[in-house]
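As a plain string of letters, each chain reads:
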Amino acid sequence: MYSEDEVTLDLGEGFSEPSTKQQQQSEGLLTTELQSQIAGQMFQMGTSKAKEAFSFYGRIDILRPYFDVEPSQVQKRLITALIPEKLTGSPQIIVSELYGPLMVVLTLIAVMLAGMKATGQTVQEGTLMGTAIGTCFGYWLGASCFFFALAYFCDTKITPIEVGNSRE
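Since we're looking at a predicted model, the values are computed, not measured.

Quick notes on the overall build of the chain
Link 1 in the chain: Each helix and strand counted, the chain has six helices and two strands in total.
Link 2 in the chain: Along the chain direction, N to C, the helices and strands of the chain fall in the order β-β-α-α-α-α-α-α.
Link 3 in the chain: Expressed as a percentage of the 168 residues in the chain, the buried residues total 14%.
Link 4 in the chain: Here the analysis covers contacts within the chain between residues at least 6 apart in sequence; of these, 52% occur between residues at least 24 apart.
Link 5 in the chain: Summing over all exposed atoms, the chain offers an accessible surface of approximately 14200 Å²; the carbon and sulfur share of this is 63%.

Comments concerning the nonpolar core
A general feature of soluble globular proteins is that nonpolar side chains tend to end up buried together.
Link 1 in the chain: Among the nonpolar cores identified, the biggest contains six residues, and these are Leu-98, Val-105, Ile-109, Ala-132, Cys-136 and Trp-140.
Link 2 in the chain: Secondary-structure elements contributing two or more residues to this core are helix H4 (99–118) and helix H5 (128–153).
Link 3 in the chain: The biggest single contributor to this core is H5, with three residues.
Link 4 in the chain: Ignoring any residue separated from it by four or fewer positions in sequence, one finds Val-105 in contact with Cys-136, Phe-137 and Trp-140.

Description of the pattern of salt bridges
Link 1 in the chain: For the structure shown, the criterion picks out one salt bridge.
Link 2 in the chain: The partner of Asp-155 in a salt bridge is Lys-157, with the nearest N and O atoms 4.0 Å apart.
Link 3 in the chain: Overall, the relative accessible area of 60% leaves Asp-155 in the exposed class.

Some thoughts on H5
Link 1 in the chain: With 26 residues, H5 should reach 38 Å at 1.5 Å per residue; the first-to-last C-alpha distance of 37 Å fits that figure.
Link 2 in the chain: What H5 keeps buried is the set Leu-128, Ala-132, Cys-136, Trp-140, Ala-143, Ser-144 and Ala-151.
Link 3 in the chain: Close packing links the buried residues of H5 with H4 and helix H6 (160–165).

Brief notes about unusual backbone geometry
Link 1 in the chain: Positive phi, normally seen in glycine, also occurs at Asp-155, with a value near 60 degrees.
Link 2 in the chain: The topology assignment puts Asp-155 in the loop between H5 and H6.

Regarding the packing of aromatic side chains
Link 1 in the chain: Evaluation of the coordinates by the stated rule reveals three aromatic pairs.
Link 2 in the chain: On the numbers, 6.1 Å between centres and 40 degrees between planes, the contact of Phe-137 with Trp-140 is tilted. Here Phe-137 pairs with Trp-140, and both are found in helix H5, just three residues apart, close to one helical turn.
Link 3 in the chain: For Phe-137, a relative accessible area of 29% puts it in the partly exposed group.

Concerning the side chain of Ser-144
Link 1 in the chain: Along the chain, Ser-144 falls in helix H5.
Link 2 in the chain: Within polar-contact distance, the side chain of Ser-144 engages the backbone oxygen of Trp-140 at 2.8 Å.

Things to note about a nonpolar patch on the surface
Link 1 in the chain: A cluster of nonpolar side chains, namely Ile-62, Leu-63, Phe-67, Tyr-99, Met-103 and Leu-106, defines an oily patch on the protein surface of about 490 Å² accessible area.
Link 2 in the chain: With respect to the helices and strands, Leu-106 occurs in helix H4.
Link 3 in the chain: Classification of Leu-106 as partly exposed rests on a relative accessible area of 38%.

Some details on the packing of H4 against H5
Link 1 in the chain: At their nearest, the axes of H4 and H5 sit 9 Å apart, and the two run at 140 degrees to each other. It follows from the interaxial angle that H4 and H5 lie oblique. Handedness of the H4/H5 crossing: right-handed. Across the interface between the two elements, Pro-101, Leu-102, Val-105, Leu-106, Leu-108, Ile-109, Met-112, Leu-113, Met-116 and Lys-117 from H4 touch Leu-128, Met-129, Thr-131, Ala-132, Ile-133, Thr-135, Cys-136, Phe-137 and Trp-140 from H5.
Link 2 in the chain: Residue classes in the contact of H4 with H5 are distributed as 16 nonpolar, two polar and one charged.

Some thoughts on the environment of Ala-110
Link 1 in the chain: Note on placement: Ala-110 falls in helix H4.
Link 2 in the chain: When the C-alpha atoms of Ala-110 and Cys-136 are compared, they prove to be 10.0 Å apart, with 26 residues separating the residues in sequence.

What counts, and where the lines are drawn
Residues numbered from 1 in each chain as written. Predicted model: local features only at pLDDT ≥ 70, side-chain atom pairs only at ≥ 80, totals over all residues. Heavy atoms only, no water. Helix = DSSP H or I, 4+ residues; strand = E, 2+ residues; numbered from the N terminus. Buried < 20%, exposed > 50% of the residue type's maximum accessible area, 1.4 Å probe, protein only. Contact = heavy atoms within 4.5 Å. Areas by Shrake-Rupley, 256 points an atom, 1.4 Å probe, with all protein chains shown as cover. Core = buried A, V, L, I, M, F, W, Y, C linked by side-chain atoms within 4.5 Å. Salt bridge = Lys/Arg side-chain N within 4 Å of Asp/Glu carboxyl O. Expected span 1.5 Å × (residues − 1). Phe/Tyr/Trp six-rings, centres within 6.5 Å; stacked < 30°, edge-to-face > 60°. Polar contact = N/O pair within 3.5 Å; in protein donor to acceptor, adjacent residues only side chain to side chain. Patch = residues over 30% accessible without salt bridge, like charges linked within 9 Å, V, L, I, M, F, W, Y side chains within 5 Å. Axes fitted to C-alpha atoms, helices over the stretch in contact; angles between N-to-C directions. Parallel < 35°, antiparallel > 145°, perpendicular 65-115°, else oblique. Left-handed = near helix turned anticlockwise from the far one by under 90°. Nonpolar A, V, L, I, M, F, W, Y, C, P; charged D, E, K, R; others polar.

Shown next as structure tokens:
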């Protein structure tokens, strides 16, 4: 009846195509090669995209000017934030650094977390740490956006970094 070497496949309307084991093996080899080529191309594309993302986001030198502050300057700014100096009529110097505000926000997170633990606060979704981080950074970002919009509507020349640095 049927030999192992040849099997006919009826495709309708009297058309039949012989299919041998060699053809099946070559088709299997072809699909395997095609799959390996597609996988290789996807890997190369993924690798190139990852390298682009790392080269763009991995450059810490972009942020270096905003965090390059001497500890004595930070100490002086914290003291003047608590005890303001008298106005002398000269224009204020607005510094563009984010070290101080980031440390204030991180300290606020620690204080808020300690307060939440001391009062026995429970969170239904998430963690206490996530809630404290979200609240503090959300306040900083929200207040900065509000004051930047206010400065924009008042037509002042102030940058978003200077607004994020402001002592709110």
